[in-house]
Amino acid sequence: MTTSSPPPVRGAILAGGGATRFGGEPKGLARVGGRRILDRLAAAFQQGLGRAPILVANAPDAAQWRPGLTVVPDLLPGRGALGGILSAIAAGPGPVVCVAWDMPFVPAELVAALAAGLERYDAVLPESDGRRGLEPLCAGYGPACRAPIERRLAEGDRRAVAFHGEVRVTTLSPEAVQAFGDPAYLFFNVNTRDDLTRANELWEQHASSP
């Protein structure tokens, strides 16, 4: 009797939100260090998982942003970050590592570490000093997360961590995250034009460091 191997871990770039603080323009198409954030993340997924990610996006022209990426619209539009995570999970079999497309500095090694954690857990999140203490938009999620997320959204709870009590969750400790770089750099996200300026400054500092 032969057993089939589990589906490989997929990657998903979440291009949600209206980017109101960014003038309504697609944040992932902004350039940091001369490269679009979208291209940076696609390369990180390709290197970390060995395959191209999907792009969760609702914009009519999303398929033109990076030809070759499969574009998946939100399963339940208007449900915020948690809705984007749900859409990525529902897009295919097996677990998925999700990264918001306004995070230009997520490295392939961190993507791979999140994927590895999904062998034993339903959700794998890096710890950080962010407002949640975790980074749910740079995290891995298994198929078991889908039903709990759908229940939370049906109840009107859109918190990105709302369903954690119903699944097996593990975290990457601050020490484990530090092995991939400074968390303030890894999880920096571009919400405003000032953030974009700061991102380019951080990139230059990082590129010039030994």
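The preceding data block contains the structure.
Cut-off values and rules
- Residues numbered from 1 in each chain as written.
- Predicted model: local features only at pLDDT ≥ 70, side-chain atom pairs only at ≥ 80, totals over all residues.
- Heavy atoms only, no water.
- Core = buried A, V, L, I, M, F, W, Y, C linked by side-chain atoms within 4.5 Å.
- Buried < 20%, exposed > 50% of the residue type's maximum accessible area, 1.4 Å probe, protein only.
- Helix = DSSP H or I, 4+ residues; strand = E, 2+ residues; numbered from the N terminus.
- Contact = heavy atoms within 4.5 Å.
- Pairing = 2+ DSSP bridges.
- 1 Å grid on protein atoms, 1.4 Å probe; cavity = no way out; pocket = protein on both sides within 12 Å on 5 of 7 lines; lining within 4 Å.
- Points joined across faces, edges and corners; volume = space filled by probe spheres on them.
- Nonpolar A, V, L, I, M, F, W, Y, C, P; charged D, E, K, R; others polar.
- Arc of directions from axis to C-beta.
- Axes fitted to C-alpha atoms, helices over the stretch in contact; angles between N-to-C directions.

## What about the nonpolar core?
- If you look at the biggest cluster of nonpolar residues, it comprises 40 residues, and the most contacted ones within it are Ile13, Leu55, Trp65, Val97, Val106 and Cys138.
- Those elements giving two or more residues to this core turn out to be helix 1 (37–49), strand 6 (96–100), helix 3 (108–117), helix 6 (183–186) and helix 7 (193–208).
- For this core, the leading source of residues is helix 1, giving six residues.
- Not counting residues up to four positions away in its chain, the partners in contact with Leu55 are Ile13, Ala15, Leu38, Ala62, Trp65, Leu69, Thr70, Val71 and Val72.
- Core analysis: the next-biggest nonpolar cluster, separate from the first, contains 22 residues, Ala88, Cys98, Leu134 and Leu153 among them.

## Remarks on the pairing of strand 7 (residues 123–126)
- On strand 7, burial covers both faces: Ala123 and Leu125 on one face and Val124 and Pro126 on the other are all buried.
- As paired strands, strand 7 and strand 9 (residues 169–172) are joined by four bridges and run parallel to one another. Note on strand 9: the bridge partner recorded for Pro126 is Leu172.

## Notes on the layout of surface pockets
- The volume enclosed by the second largest pocket comes to roughly 440 Å³.
- Residue lining of the second largest pocket: 22 residues in total, with Arg40, Phe105, Pro107, Tyr185 and His206 positioned closest to the centre.
- Residue assignment for the lining of the second largest pocket shows that the elements contributing at least two residues are helix 1, helix 3, helix 6 and helix 7.
- Grouping the constituent residues of the lining of the second largest pocket by class yields 14 nonpolar, four polar and four charged.

## Points about helix 2 (residues 80–90)
- The buried fraction of helix 2 amounts to eight of the 11 residues, a majority that puts the element mostly inside the structure.
- Check the buried side of helix 2 and you find it contacts strand 1 (10–14), strand 4 (54–56), strand 5 (71–72), strand 6, strand 8 (138–141) and helix 4 (146–154).

## Topic: helix 4
- Looking only at helix 4, the buried set comprises Pro148, Ile149, Arg152 and Leu153. Each buried residue of helix 4 sits inside an arc of 135° when the element is viewed along its axis, so together they form one side.
- In this structure, the buried residues of helix 4 make contact with helix 2.
- Within two residues after helix 4, Gly156 carries a phi angle of roughly 85°, on the positive side.

## As for the sheet that holds strand 4
- In space, the seven strands of this open sheet follow the order 5-4-1-6-8-7-9, with mixed pairing throughout. Of all strands in the sheet, those bounded by a partner on one side alone are strand 5 and strand 9.
- Inspection of the sheet shows strand 4 paired to strand 5 by two bridges, in the parallel sense. Bridged to Leu55 within strand 5 is Val71.
- Sitting on the sheet, helix 2 is in contact with strand 1, strand 4, strand 5, strand 6 and strand 8, with an inclination near 150° to strand 1.
- Seen against the sheet, helix 3 touches strand 6, strand 7, strand 8 and strand 9 and runs at an angle of roughly 25° to strand 8.

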